[in-house]
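# Report on the structure
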Amino acid sequence: MSHTAHIPSHRKPRRRASKSALRAGVAGGVLSTVAVAGAAGPAQAEPVTQTIEMPTITSGLATAVAASAQATQQVALDLEAQAHEDAAAQDAAKAAKKAKAEAVRKAEAEKKAEAAAKAKAEAEAKERAERASRTAARTTLSAPSSSSSGSSATASAPSSAPSTSSNAPGSAASIVAFAKAQVGDAYVSGGTGPNAWDCSGLVQAAYRSVGIDLPRVSQAQSTAGTQVSLSNLQPGDILYWGAAGSAYHVAIYVGGGQFVGAQNSSTGTVQRSMDYDRPTGAVRVL
């Protein structure tokens, strides 16, 4: 083929302008729609092109933990302090209660001591009055015996078994009165008065108050008169415990089933019923 020959063109034939415009409009609309859809779509739809570094929270968390621990510790300290305060308050209340009880006890003890002192003072005053009364009674009883001792041979002469005189009832009453006047005196072994006696010392002094001398000891006094039955006693009779001649205790019968005697160091001189300590026998001197 000649180089001058006509070679057909490979270009596409031109389209018409109307079709081109139409196509351009359609393409533009599509692109606009895609652009609008892309702008309205979610951001995560975009491809990740780089790694974003998140801010660290380690320092803030440590600060919060420390603050929480400090607050917890403060709460514990507050609770401990409150516990100490409560314990101190309880101790103070116990101490106050104990002090109050002690004060009440001391007050009661002082009242008892005052009452005891008052009772003791009253008893001492009563005892002094009784002793004064007994002293006066002794003086009264001893005056007749002193005056009669000069005129009565029987009264002035010792006798282990005095005979009954015409004034026996009066003498027996004086003996009984003397014995009763000694009630409350102390008992002392070997005592012969005026405020302390043993059993035979009291009996001897009672008879001496009417001018009759008796032996000093109970063994001899138990045989100093006529033996009488315990069912036939008279005031002024001598009661004895033990066998006649070896009696270990004596007293004076005062009538009404009672006797007066210096019993022992615990009871002193007492007036008791014969049922309290039944005697063995009795002798009558008057």
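Description of the structure in this document. None of the values given here were measured: they were computed from a predicted structure.

Turning next to the pairing of strand 4 (residues 238–241). Successive side chains on a regular strand alternate, one facing one side of the sheet and the next facing the other. Judged by which residues are buried, strand 4 turns out to be covered on both faces: Ile238 and Tyr240 on one side and Leu239 and Trp241 on the other are all buried. Where strand 4 meets strand 5 (residues 249–255), four bridges bridge the pair, whose relative direction is antiparallel. Considered in strand 5, the bridge of isoleucine 238 is made with isoleucine 252.

Okay, the sheet that holds strand 4 next. The strand order across the open sheet formed by six strands is 3-8-4-5-6-7, and the pairing between neighbours is antiparallel. Among the strands making up the open sheet, the edge pair consists of strand 3 (226–228) and strand 7 (268–273). For this sheet, the mean inter-axis angle between neighbouring strands, taken without regard to orientation, is 35°. Two strands pair when backbone bridges link them, and strand 5 and strand 6 (residues 258–264) are joined in this way by three bridges, in the antiparallel orientation. Across the sheet, the residue bridging to isoleucine 252 is valine 260, located in strand 6. Helix 5 (residues 199–208) rests against strand 4, strand 5, strand 6 and strand 7 of the sheet, and its axis sits at about 45° to strand 5.

On to the pattern of salt bridges, then. Going through the model one piece at a time under the given rule, you end up with five salt bridges. Notably, a salt bridge pairs aspartate 213 with arginine 208, separated by 3.5 Å at the nearest N-O pair. Note on aspartate 213: relative accessible area 26%, which makes it partly exposed. Among the residues examined, arginine 208 registers a relative accessible area of 45% and is labelled partly exposed.

So, on to the pairing of strand 8 (residues 281–284). Burial along strand 8 is two-sided: the residues Gly281 and Val283 and Ala282 and Arg284 are all buried. Alignment of strand 3 against strand 8, held across three bridges, turns out to be antiparallel. The residue of strand 8 that forms the bridge with glutamine 227 is valine 283. Relative to strand 8, strand 4 runs antiparallel, the two being bridged by three bridges. Pairing of tyrosine 240 across the sheet is with glycine 281, part of strand 8.

Parameters at a glance
Residues numbered from 1 in each chain as written. Predicted model: local features only at pLDDT ≥ 70, side-chain atom pairs only at ≥ 80, totals over all residues. Heavy atoms only, no water. Buried < 20%, exposed > 50% of the residue type's maximum accessible area, 1.4 Å probe, protein only. Helix = DSSP H or I, 4+ residues; strand = E, 2+ residues; numbered from the N terminus. Pairing = 2+ DSSP bridges. Axes fitted to C-alpha atoms, helices over the stretch in contact; angles between N-to-C directions. Contact = heavy atoms within 4.5 Å. Salt bridge = Lys/Arg side-chain N within 4 Å of Asp/Glu carboxyl O.

On their own, these measurements won't tell you what the molecule is for.
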